[in-house]
Amino acid sequence: LVVEGVVSANTSLQSVVITELLPDPVSPFTDANDEFIELFNPTNTPIQLSGARLQTGNTYSYSYTFSSETVPANGY
């Protein structure tokens, strides 16, 4: 699992921690409605995820780019 961002513009992205992850849930749950990732920001400053990308898979073939989400200071 890789979280990429523009590190030169926002080095705080290195501080975001993945605390929970539910990929590919078993039926009757669905990917579209039930997959999720929980991120924690242990810093005292909100972290803007705009443009950061989350990639998974053996060859990083699955990708999600965050639009305007923010992880609050010391929050999820």
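In the block above lies the structure referred to throughout.
Residues numbered from 1 in each chain as written. Predicted model: local features only at pLDDT ≥ 70, side-chain atom pairs only at ≥ 80, totals over all residues. Heavy atoms only, no water.

Draft legend 1. The arrangement of the overall build of the chain in detail. Along the chain, the regular secondary structure elements total one helix and seven strands. Within the chain, the fraction of its 76 residues that count as buried is 18%. In the form shown here, the chain has an accessible surface area of approximately 5300 Å², with 52% of it arising from carbon and sulfur atoms. (Helix = DSSP H or I, 4+ residues; strand = E, 2+ residues; numbered from the N terminus. Buried < 20%, exposed > 50% of the residue type's maximum accessible area, 1.4 Å probe, protein only. Areas by Shrake-Rupley, 256 points an atom, 1.4 Å probe, with all protein chains shown as cover.)

Draft legend 2. Quick peek at the layout of surface pockets. Quantified by volume, the largest pocket comes out at close to 520 Å³. Along its surface, the largest pocket is lined by 20 residues, and Leu 21, Glu 35, Phe 36, Ile 37 and Leu 54 are the ones closest to its centre. Those elements that provide at least two residues to the lining of the largest pocket are strand S2 (17-22), strand S3 (36-40), strand S5 (53-56) and strand S6 (62-65). At four residues, the largest contribution of residues to the lining of the largest pocket is made by S3. Residues that form the lining of the largest pocket fall into these classes: 13 nonpolar, three polar and four charged. (1 Å grid on protein atoms, 1.4 Å probe; cavity = no way out; pocket = protein on both sides within 12 Å on 5 of 7 lines; lining within 4 Å. Points joined across faces, edges and corners; volume = space filled by probe spheres on them. Nonpolar A, V, L, I, M, F, W, Y, C, P; charged D, E, K, R; others polar.)

Draft legend 3. Examining the side chain of Asn 41 more closely. Assignment of secondary structure puts Asn 41 in the loop between S3 and strand S4 (47-48). Exposure remark for Asn 41: the relative accessible area of 0% places this residue in the buried category. Ignoring sequence-local partners within four residues, the contact set of Asn 41 consists of Pro 46, Ile 47, Val 71, Pro 72, Ala 73, Asn 74 and Gly 75. (Contact = heavy atoms within 4.5 Å.)

Note that every value here comes from positions in space, so none of it alone points to a role or purpose.
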